[in-house]
Amino acid sequence: MSADLQAVATKLVANGKGILAADETVPTITRRFEALGIPSTEQSRRTYREMLFTAPGAADYLSGAILQDETIHQESSSGASMARALAERGVTPGIKVDAGTRPLAGAPSETVTEGLDGLRERLAEYRGLGARFAKWRAVFRITEATPSPMCIAANAHALARYAALCQEQDLVPIVEPEVLMDGSHTIERCEEITGAVLHAVFHALFEQGVALEGMLLKPNMVIAGKECSRQAPVHEVATATLRCLRRHAPAAVPGIVFLSGGQNARLATTHLNEINRLPGPKPWKISFSYGRALQDPALEAWHGRDENLSAGQRALYHRASCNGAASVGKYTDEVEAGSPGADDPPHRRDWRDD
Ligand code: 13P
């Protein structure tokens, strides 16, 4: 592994900073836009992403941003590529490289994430376009019978093959095994499944020779299913999440950057803050790589209208600053005060097909 990879991974979890996940595929961002009556065109998606990437001051709290294929090929209105516009602000550009989920043969209610074919060449292209890190998301759904051992094994193997290819191509892999919040499972079951998934993922990473110092882990928090009648309080979520990570995430990994997974914006911040405030050993930096929890208030404020671009940027800045504070355990009501739309309605958080 090159020293560079470790340096990039470490920089992505610099003190008080985290990652903006803005890598929704065209169908997913289109559904989010349509819920607000915003037409989804190449131009409107470009305008929206540029609004996020150029939000004044947000780079103080954002170490990196994850793009997807369309965005990394687009130019900002200054004529620079989107990746360059980010890099000029000190924000490291990254790229989603998985090709989404497909039904898993032999277990059709479950999925495996695809995209390994031709990945080496795509990674080389993205590196040339300015990406310095990549992301691959595997998905696990909790029911009484799932995730099955074969689903865990297939996805762990694919994540590890992806991570090894990234490091070969000089890109830091973000390894994202997401145990979904959908369902009525308890927090205890989420902890059990998240632990089993992380165990399998790190075993596969070891088998594929992935250097842990040059990667980041992007897990879910340990949380009860959305339909579970008992929603655990913040302290319990934080305690269970940290316990699970201590048991299953090696200390050599420089950073853990959570996904928000459909939590509302303030709760995602509160949980991150509480995890960072817990006593005891935390051998990795613990920060965020949020999509919806960073973007939803900004999308709502913008609403597809040019006259709202500044309001959208202020909303993103605010969430980024709150999460930056939470990444060092310094988020308070005072930091939060004045947040536009943080308790946004859940209807735009329900889609995560990529
Ligand atoms: P959410 O924070 O909306 O779950 O999205 C994160 C993500 O997976 C994008 O990479």
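1. So, empty space enclosed by the protein
Overall, the coordinates contain four cavities of 30 Å³ or more when judged by the stated rule. Size it by volume and the second largest cavity reaches roughly 80 Å³. Lining the second largest cavity are 13 residues, and of these Val179, Met181, Asn220, Met221 and Leu259 sit closest to its centre. Looking at the lining of the second largest cavity residue by residue, the class counts come to seven nonpolar, five polar and one charged.

2. A short note on the site of the ligand
The local shell around the ligand holds 13 residues, among which Lys135, Glu176, Ser260, Gly261 and Arg292 are the closest. Side-chain polar atom of lysine 218 to an oxygen atom of the ligand: 2.9 Å apart, as the coordinates give it. A distance of 2.8 Å is found between an oxygen atom of the ligand and a backbone nitrogen or oxygen belonging to glycine 291. Alone, the ligand offers 300 Å² of accessible surface; in the complex the protein occludes 100% of this.

3. So, the nonpolar core
Tyr162 and Leu205 are the most contacted members of the largest nonpolar core, which has 98 residues in total. Once you skip the residues sitting within four places of it in the chain, leucine 205 turns out to touch Leu159, Ala160, Ala163, Val175, Val210, Leu212 and Met215. Listed in part, the 13 residues of the second largest apolar core include Leu5, Leu12, Val13 and Ile66.

4. Points about the side chain of threonine 194
Among the structural elements, threonine 194 can be located in helix α8 (residues 187–207). What makes threonine 194 buried here is its relative accessible area of 3%. Looking at threonine 194, its side chain comes within polar contact range of the main-chain oxygen of cysteine 190, at 2.7 Å. Of the polar contacts made by the side chain of threonine 194, one reaches the side chain of asparagine 220; its length is 3.1 Å.

5. Examining helix α6 (residues 119–128)
Listing the buried residues of α6 in full gives Leu119, Leu123 and Tyr126. One side of α6 carries all its buried residues, which in axial view fall inside an arc of 65°. Exposed residues lying more than 90 degrees from the buried face of α6 are Glu121 and Gly128. Along its buried surface, α6 packs onto α4 (69–72), β3 (92–96), β6 (133–140) and α7 (149–168).

6. Some details on the pattern of salt bridges
Across all of its chains, the model carries 19 salt bridges by this definition. Across the salt bridge formed by glutamate 176 and arginine 137, the nearest N and O atoms sit 3.9 Å from each other. A residue pair is termed long-range when its members are at least 10 positions apart, and glutamate 176 in strand β7 (residues 172–179) and arginine 137 in strand β6 qualify at 39 residues. As far as the burial class goes, glutamate 176 and arginine 137 line up, both buried. Put simply, glutamate 236 and arginine 230 hold a salt bridge, and the shortest N to O gap is 2.5 Å. On the basis of relative accessible area, glutamate 236 is assigned to the partly exposed category, the value being 26%. A relative accessible area of 42% means that arginine 230 is categorised as partly exposed.

Procedures and definitions
Residues numbered from 1 in each chain as written. Predicted model: local features only at pLDDT ≥ 70, side-chain atom pairs only at ≥ 80, totals over all residues. Heavy atoms only, no water. 1 Å grid on protein atoms, 1.4 Å probe; cavity = no way out; pocket = protein on both sides within 12 Å on 5 of 7 lines; lining within 4 Å. Points joined across faces, edges and corners; volume = space filled by probe spheres on them. Nonpolar A, V, L, I, M, F, W, Y, C, P; charged D, E, K, R; others polar. Near = heavy atom within 4 Å. Polar contact = N/O pair within 3.5 Å; in protein donor to acceptor, adjacent residues only side chain to side chain. Areas by Shrake-Rupley, 256 points an atom, 1.4 Å probe, with all protein chains shown as cover. Core = buried A, V, L, I, M, F, W, Y, C linked by side-chain atoms within 4.5 Å. Buried < 20%, exposed > 50% of the residue type's maximum accessible area, 1.4 Å probe, protein only. Contact = heavy atoms within 4.5 Å. Helix = DSSP H or I, 4+ residues; strand = E, 2+ residues; numbered from the N terminus. Arc of directions from axis to C-beta. Salt bridge = Lys/Arg side-chain N within 4 Å of Asp/Glu carboxyl O.

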